[in-house]
Amino acid sequence: MQIEKFDLGLINFSKAWDFQKEVFKAVKYEDIYSALILCQHYPVITLGRSADRRNILADEQKLNSKGIQIYEIERGGDVTYHGPGQLIAYPIFNLKYFKKDIHLFLRYLEETVIELLYDLGIKGTRYAGLTGVWVDKQKIASIGIAIRNWITLHGLSINIKKSDLDNFRLIRPCGMDIKMTSLETVLERDIEINDIKTKFRDTLFANRGTPFYPIGRVSPYRSVPVY
Amino acid sequence: MTKVVLPELGEGIEKATVSYWYFKEGEKVNEKDDLVELTTDKATFNLPSPCSGMLSQVLFHEGDSVNVGEVLAIIEET
């Protein structure tokens with residue numbers, strides 16, 4: 001069974017959102033089995049279902065001056081920021097072909113990022129109750145998904161460019177006082193987003209993540225037990 | 001009368017929070033319509049209506065926590 005791959009490049013959030021919905025329909029009606037959309041976004045703030053608007057710290061004028069739009073969307077989680085210095089991954093996966101387990105899928109996304117970081121010489125960590133991937137207690141990847149008819153929407157973002165971290169000060173990411181970090185910050189060198197895009201795709205398709213394992217088998221690469 | 005029950009959502013998931021009702025009490029629903037959206041961890045998901053009829057009773061409201069196996073709502077079949 002083949003998973004379709006799409007690379008939308010640098011794209012407006014709402015256009016990518018529309019595209020997700022189109023791909024979702026194709027998966028729902030089984031025109032395609034599942035899909036992975038990769039892209040970067042122009043600066044945008046999104047509010048998930050658990051979001052509190054007070055977690056946007058900047059006023060409207062400041063956001064307008066930076067050209068940052070706000071979208072309320074159907075994913076789980078609070079507020080987050082996306083910008084061109086992040087890799088965005090939207091896996092539109094039909095979980096009926098993998099395993100109908102919401103948390104396992106979240107852990108799988110974390111695991112893919114932890115594997116990717118491992119290949120770059122970075123130790124990624126997850127903490128119980130704090131979905132996402134962390135490096136030394138700073139967040140490097142954020143996750144928020146929606147599931148409709150056991151098909152996933154939205155997904156994850158990985159902070160790559162150091163320059164994009166400043167805009168996280170406009171919000172309280174995930175509604176918490178947390179520090180964000182990036183691959184460039186950790187590795188102390190320039191990183192090309194396209195390089196990470198390729199590595200991420202290779203990691204995800206290397207069959208090392210749990211949902212692609214036959215049900216009941218545990219990935220030997222799992223870094224910590226699923227909680 | 002059909003009970004809308006919170007189904008199994010995966011290992012270790014015992015509860016979810018009601019985040020949005022697509023219908024109000026007294027409204028007509030069709031089988032497979034998205035009835036209610038729930039949230040667990042960083043994921044939202046929809047429960048479809050198990051039958052066509054009238055949503056006669058909503059037992060958990062937006063913001064309420066529901067355990068797997070509990071009855072969320074009652075639909076009077078038509």
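Scoring rules and cut-offs
- Residues numbered from 1 in each chain as written.
- Chains lettered and ligands numbered in written order.
- Predicted model: local features only at pLDDT ≥ 70, side-chain atom pairs only at ≥ 80, totals over all residues.
- Helix = DSSP H or I, 4+ residues; strand = E, 2+ residues; numbered from the N terminus.
- Rg over C-alpha atoms; globule rule 2.2 N^0.38 Å.
- Buried ≥ 20, exposed ≤ 12 C-beta atoms within 10 Å, placed from the backbone.
- Contact = placed C-beta atoms within 7 Å.
- Pairing = 2+ DSSP bridges.
- Nonpolar A, V, L, I, M, F, W, Y, C, P; charged D, E, K, R; others polar.
- Axes fitted to C-alpha atoms, helices over the stretch in contact; angles between N-to-C directions.

Some remarks on the overall build of chain B
Then, in step 1: Regarding its fold elements, chain B presents zero helices and eight strands.
Then, in step 2: Secondary structure elements of chain B, listed N to C terminal, follow the sequence β-β-β-β-β-β-β-β.
Then, in step 3: Its C-alpha radius of gyration of 12 Å places chain B within 12% of the 12 Å reference for a compact globule of 78 residues.
Then, in step 4: C-alpha atoms of chain B, sized along the principal axes, occupy 35 × 20 × 20 Å.
Then, in step 5: When the 78 residues of chain B are sorted by exposure, 31% land in the buried category.
Then, in step 6: A separation of at least 24 residues holds for 54% of the contacts in chain B among residues at least 6 apart in sequence.

A short note on the overall build of chain A
Then, in step 1: The number of helices and strands found in chain A is five helices and ten strands.
Then, in step 2: Taken against the 2.2 N^0.38 rule, which gives 17 Å for 227 residues, the C-alpha radius of gyration of chain A at 17 Å falls within 12% of a compact globule.
Then, in step 3: For chain A, the spread of C-alpha atoms along the three principal axes comes to 50 × 40 × 30 Å.
Then, in step 4: Split into buried and exposed, the 227 residues of chain A put 45% on the buried side.

Details of unusual backbone geometry
Then, in step 1: Even without being a glycine, H154 of chain A presents a positive backbone phi close to 60°.
Then, in step 2: Counting through the fold element by element, H154 of chain A comes out in strand 10 (residues 151–159).
Then, in step 3: Backbone geometry places K32 of chain B, a non-glycine residue, at a positive phi of 75°.
Then, in step 4: Inspection of the secondary structure puts K32 of chain B in the loop between strand 3 (28–29) and strand 4 (34–40).

A word on the pairing of strand 9 (residues 138–148) of chain A
Then, in step 1: Counting buried positions over the eleven residues of strand 9 of chain A gives nine, a clear majority of the element.
Then, in step 2: Hairpin geometry of strand 8 (residues 130–135) of chain A and strand 9 of chain A is characterised by an intervening segment of two residues between the two adjacent antiparallel strands and by a positive phi of about 50° at D136 of chain A.
Then, in step 3: Here eight bridges tie strand 9 of chain A to strand 10 of chain A, and the two strands are oriented antiparallel to one another. Considered in strand 10 of chain A, the bridge of G144 of chain A is made with G155 of chain A.
Then, in step 4: If you look at the hairpin formed by strand 9 of chain A and strand 10 of chain A, you'll find two residues sitting between the two strands, and N149 of chain A has a positive phi there, around 55°.
Then, in step 5: With three bridges joining them, strand 9 of chain A and strand 5 (residues 43–48) of chain B adopt parallel strand pairing. Note that in strand 5 of chain B the partner of A146 of chain A across the bridge is T44 of chain B.

So, the interface of chain B and chain A
Then, in step 1: Tallying the contact residues gives 14 residues for chain B and 20 residues for chain A.
Then, in step 2: Secondary structure elements with two or more residues in the side of chain B that touches chain A: strand 4 and strand 5 of chain B.
Then, in step 3: Element by element, the count of residues in the side of chain B that touches chain A is highest for strand 5 of chain B, at four residues.
Then, in step 4: For the side of chain B that touches chain A, the class distribution of residues is four nonpolar, seven polar and three charged.

Considerations on the sheet that holds strand 6 (residues 53–58) of chain B
Working definition: the strands of a sheet are paired by backbone hydrogen bonds and lie parallel or antiparallel to each other.
Residue and element names in this part refer to chain B.
Then, in step 1: Strand order across the open sheet formed by four strands is 1-8-6-3, with antiparallel pairing between neighbours. The open sheet has two edge strands with one neighbour each: strand 1 (2–5) and strand 3.
Then, in step 2: For strand 1 and strand 8 (residues 71–77), the ladder comprises four bridges, and the chain directions are antiparallel. From the neighbouring strand, K3 faces strand 8, where its bridge partner is I74.

Let's talk about the sheet that holds strand 3 (residues 44–47) of chain A
All names here are of chain A.
Then, in step 1: Within the open sheet, the three strands sit side by side as 4-3-5. Their pairing is mixed. Two strands in the sheet have a free side with no partner beyond their single neighbour: strand 4 (69–72) and strand 5 (79–82). Neighbour-to-neighbour, the strand axes of this sheet turn through a mean angle of 25°, independent of strand direction.
Then, in step 2: The pairing of strand 3 with strand 5 spans four bridges and is antiparallel. Within strand 5, the residue paired with I45 across the bridge is Y81.

As far as function goes, none of this settles anything; it's purely spatial.
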